[in-house]
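Listed below, chain by chain, are the residues.
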Amino acid sequence: MWYQWLISLPMMVCLFWCVYFLIRCAGRMGEPHVRYSILLFYIASAILYTDHWLYFSDVSSFCGSYTYALTNLSVYPLYYAYLRALTRQKGDMELYLLFIPALIMLVFYPLNHIFGWTGHDNVMIPARICFAIQVVWVWMRGSRLVRNTRRRLDNTYADNRSYLLQPTHILLVLISATAAASMMLNLLGRDAFEGSLLVSIPAVCMSVLLYGLGYVAANTTLPPETVAQQDEQEEDKATTEETDALMHKIATALREERLFTNPHLTIQDLAAAVSSNRTYVSNCINRRTGLSFSQYVARYRVEHAQQILRSPRYPSDHEAIADAVALSGFSSDQSFYRIFKEVTGTTPLQYRQLNLPQV
């Protein structure tokens, strides 16, 4: 009984997320290309682990090793397709290349079975090598996609929207762990676990990882980007004097024109205010302060909030904090509390109590 339950666990996790994301697709929740890509990943995973379940139960699977090989070569490309959709990457040539092994297997395996060109092992060994390459590629490129997206958002929007990708820190760990586990299990082959309770080790590990990936995907969304992505190849040739002058304009615009009080401030708005190019403005902030655009604006917002919190004119702490949020440009109470503590090391209430003038 325990053996049957353990070997079915990864399959059940995949089926659970298939149903969940299918409901989201039917309800049109989230961006279409994001929700469909993660659904396809879990459908392929469900087929793969159903095949595992049948194999370890000594039941003939759908098409023997064909189903296993084909889905095994499809799951990581499909997950990479989800990451690209989530991070809004353009161009699909890289995806096409990742799907080539699965496409070759789709055509070659049945023909080889009919005409007997080569033995089963001679087909599976190249498939395992291709799978290992896919795993490493998706892990490396996926991690880079997430990091670059967070950097892009931080240098474009002042509303700290990159924090919405915070679960992707967990995602990167899960991708790494899943990649390592997948490669190890693929190299060992499932024959090594047949009929043994040792199958509980990969079954439980993969179930936890698959559930974690689904949970992170279900809770990771981004609002539409209102500023078009810009060519990162644009070169910044500003001299030191020009950079100093631009930095002075940026500080003046933020402090005197109080641009930071706009919760929806973007790098494009700031560039327009100082009559410059958004790439120059972003690079200037990054080089002069070591901060992203979002972090730099947050410093002005926190400074303004501190002035409000130190004011004795508020009859209660609650009113002072409410005004600090509303008048300093923070998009929500949650972001205010989080950013204020990151910058000052104290909560808004603690700061007010420590700095309120004694009457």
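Residues numbered from 1 in each chain as written. Predicted model: local features only at pLDDT ≥ 70, side-chain atom pairs only at ≥ 80, totals over all residues. Heavy atoms only, no water.

Helix and strand counts for the chain stand at 15 helices and zero strands. Across the 359 residues of the chain, 48% fall into the buried class. For the chain, restricting intrachain contacts to residue pairs at least 6 apart in sequence, the fraction spanning at least 24 positions comes to 73%. A total of about 18,700 Å² of accessible surface is found on the chain, and carbon and sulfur atoms cover 62% of it. (Helix = DSSP H or I, 4+ residues; strand = E, 2+ residues; numbered from the N terminus. Buried < 20%, exposed > 50% of the residue type's maximum accessible area, 1.4 Å probe, protein only. Contact = heavy atoms within 4.5 Å. Areas by Shrake-Rupley, 256 points an atom, 1.4 Å probe, with all protein chains shown as cover.)

Our focus in this paragraph is the packing of aromatic side chains. The full count for this structure, using the stated rule, is 19 aromatic pairs. Ring centres of tyrosine 79 and tyrosine 82 lie 5.6 Å apart, and the angle between their planes is 50°; this geometry places the pair in the tilted category. Here tyrosine 82 and tyrosine 79 lie together in helix H4 (residues 75-86), a separation of three residues that amounts to about one turn. We classify tyrosine 82 as buried; its relative accessible area is 1%. Seen in terms of ring centroids, phenylalanine 260 and tyrosine 300 are 6.2 Å apart; in terms of plane orientation they differ by 25°. Their pairing is stacked. One end of the pair, phenylalanine 260, is in the loop between helix H9 (240-256) and helix H10 (267-273); the other, tyrosine 300, is in helix H12 (residues 293-310), with 40 residues separating them in the sequence. (Phe/Tyr/Trp six-rings, centres within 6.5 Å; stacked < 30°, edge-to-face > 60°.)

Before going further, it helps to spend a moment on the packing of helix H2 (residues 32-56) against H4. Relative to each other, H2 and H4 sit at 165°, their axes nearing to 8 Å. Classified by the angle their axes make, H2 and H4 are roughly antiparallel. For the pair H2 and H4, the sense of crossing is left-handed. Where H2 approaches H4, its residues His33, Val34, Ser37, Ile38, Leu40, Phe41, Ala44, Ser45 and Leu48 are matched on the opposing element by Val75, Leu78, Tyr79, Ala81, Tyr82, Ala85 and Leu86. For the contact of H2 with H4, the residue count by class is 13 nonpolar, three polar and no charged. (Axes fitted to C-alpha atoms, helices over the stretch in contact; angles between N-to-C directions. Parallel < 35°, antiparallel > 145°, perpendicular 65-115°, else oblique. Left-handed = near helix turned anticlockwise from the far one by under 90°. Nonpolar A, V, L, I, M, F, W, Y, C, P; charged D, E, K, R; others polar.)

Further remarks concern empty space enclosed by the protein. For the structure on display, the rule yields two cavities of 30 Å³ or more. By volume, the second largest cavity is sized at about 60 Å³. Looking at the second largest cavity, the residues that line it are Ala158, Asp159, Asn160, Ser294, Ala298, Arg301, Phe330, Ser331, Ser335 and Ile339. If one sorts the elements of the lining of the second largest cavity by residue count, H12 sits on top with three residues. (1 Å grid on protein atoms, 1.4 Å probe; cavity = no way out; pocket = protein on both sides within 12 Å on 5 of 7 lines; lining within 4 Å. Points joined across faces, edges and corners; volume = space filled by probe spheres on them.)

Okay, the confidence of the model for the chain next. Residue-level pLDDT values for the chain average 84, and 87% of them are 70 or greater. Per-element mean pLDDT across the chain ranges from 67 in helix H7 (residues 167-188) up to 94 in H12. (pLDDT = per-residue confidence, 0-100.)

This part takes up the nonpolar core. Across soluble globular proteins, you tend to see nonpolar side chains buried next to one another. Grouped together as the largest cluster of nonpolar side chains are 55 residues, with contacts concentrated most on Phe21, Ile38, Phe41, Tyr42 and Tyr82. Of all the secondary structure elements, the ones that give two or more residues to this core are helix H1 (2-26), H2, helix H3 (65-72), H4, helix H5 (93-115), helix H6 (120-154) and helix H8 (200-218). Counting residues per element, this core draws most heavily on H4, at ten residues. Residue contacts for phenylalanine 21: discarding those within four places in its chain leaves Ile38, Leu39, Tyr42, Gly214, Ala217 and Ala218. (Core = buried A, V, L, I, M, F, W, Y, C linked by side-chain atoms within 4.5 Å.)

So, about the environment of alanine 44. Within the secondary structure, alanine 44 sits in helix H2. When the C-alpha atoms of alanine 44 and threonine 71 are compared, they prove to be 5.8 Å apart, with 27 residues separating the residues in sequence.

This next bit is on a nonpolar patch on the surface. On the surface, Leu103, Leu106, Val107, Leu111, Ile114, Phe115 and Trp117 cluster together into a nonpolar patch covering about 720 Å² of accessible area. As for its position among the elements, isoleucine 114 is in helix H5. (Patch = residues over 30% accessible without salt bridge, like charges linked within 9 Å, V, L, I, M, F, W, Y side chains within 5 Å. Salt bridge = Lys/Arg side-chain N within 4 Å of Asp/Glu carboxyl O.)

So, about the layout of surface pockets. For the second largest pocket, the calculated volume is near 250 Å³. Along its surface, the second largest pocket is lined by 14 residues, and Asp154, Asn160, Gln295, Ile339 and Glu342 are the ones closest to its centre. Within the residue set of the lining of the second largest pocket, elements represented by two or more residues are H6, H12 and helix H14 (333-344).

Here we take up the pattern of salt bridges. Throughout the structure, instances matching the rule amount to nine salt bridges. Two residues, glutamate 303 and arginine 255, come together in a salt bridge whose shortest N-O distance is 2.9 Å. Of this pair, glutamate 303 sits in helix H12 while arginine 255 sits in helix H9, and the two are 48 residues apart along the sequence. Among the residues examined, glutamate 303 registers a relative accessible area of 31% and is labelled partly exposed.

Turning our eyes to something else, we now look at helix H15 (residues 348-355). Within H15, the full set of buried residues consists of Pro348, Tyr351 and Arg352. Along the axis of H15, the buried positions cluster into a sector of 95°, meaning they face one direction only. Check the buried side of H15 and you find it contacts H12, helix H13 (317-327) and H14. (Arc of directions from axis to C-beta.)

Here we take up H4. Note that an α-helix has 3.6 residues per turn; residues three or four places apart therefore point the same way. Between its first and last C-alpha atoms H4 spans 17 Å; for twelve residues at 1.5 Å apiece the expected length is 16 Å, and the two agree. Most of H4 sits out of view: twelve of its twelve residues are buried. When H4 is considered as a whole, its buried residues turn out to be Val75, Tyr76, Pro77, Leu78, Tyr79, Tyr80, Ala81, Tyr82, Leu83, Arg84, Ala85 and Leu86. Looking one or two places after H4, you find arginine 88, whose phi comes out positive at around 55°. (Expected span 1.5 Å × (residues − 1).)

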